Amino acid sequence: MDTYPKILEIDEVNIDNTGQGYNDGDTIICPGAEMDPIIADGRIIGVNLKKTGIYIDYPDITINTDTGAGASITVTLKTRDPDSDLLPADMIEVIDCVGKNIYTVES
């Protein structure tokens, strides 16, 4: 059986709680993705997803606001087709360095 690393991207953006007190100019921060909140009557009612981002784990999502509170946004991830065009600038490399350095020089 052939295996390959899974590449994930955002499939859907879900508004779990609209919150209140949000204003035009508030932003959503999700590393690797670009999204803007859709605000009506101070509540986040949707998200305009401009760029999905590429992940190996669930991304942290932060709402940048001075006045709003209570909104909750989650994303659903899907596996990206490994044969699709993936730009090198969109790739994330993770290096896990665990353990002692066994290449020490004694004098």
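Residues numbered from 1 in each chain as written. Predicted model: local features only at pLDDT ≥ 70, side-chain atom pairs only at ≥ 80, totals over all residues. Heavy atoms only, no water.

*Asks:* Whenever I open this one, the sheet that holds strand β5 (residues 54-55) confuses me. Can you help?
*Replies:* Read from one edge of the open sheet, 3 strands run β5-β1-β7, paired in antiparallel fashion. A single partner strand is all that each edge strand has here, and the edge strands are β5 and β7 (69-79). Summarising the sheet, strand β1 (residues 8-20) and β7 pair through 10 bridges and their orientation is antiparallel. Looking at β7, one finds that V13 is bridged to V75. (Pairing = 2+ DSSP bridges. Helix = DSSP H or I, 4+ residues; strand = E, 2+ residues; numbered from the N terminus.)

*Asks:* Can you walk me through the pairing of strand β3 (residues 34-40) in this structure?
*Replies:* Each regular strand displays side chains that alternate between the two surfaces of the sheet. Where β3 lies against strand β4 (residues 43-51), 7 bridges are found, and the strand directions are antiparallel. Bridge assignment links M35 to a residue of β4, and that residue is L49. Following β3, the chain reverses through 2 residues before pairing antiparallel with β4; D41 in that reversal takes a positive phi of roughly 55°.

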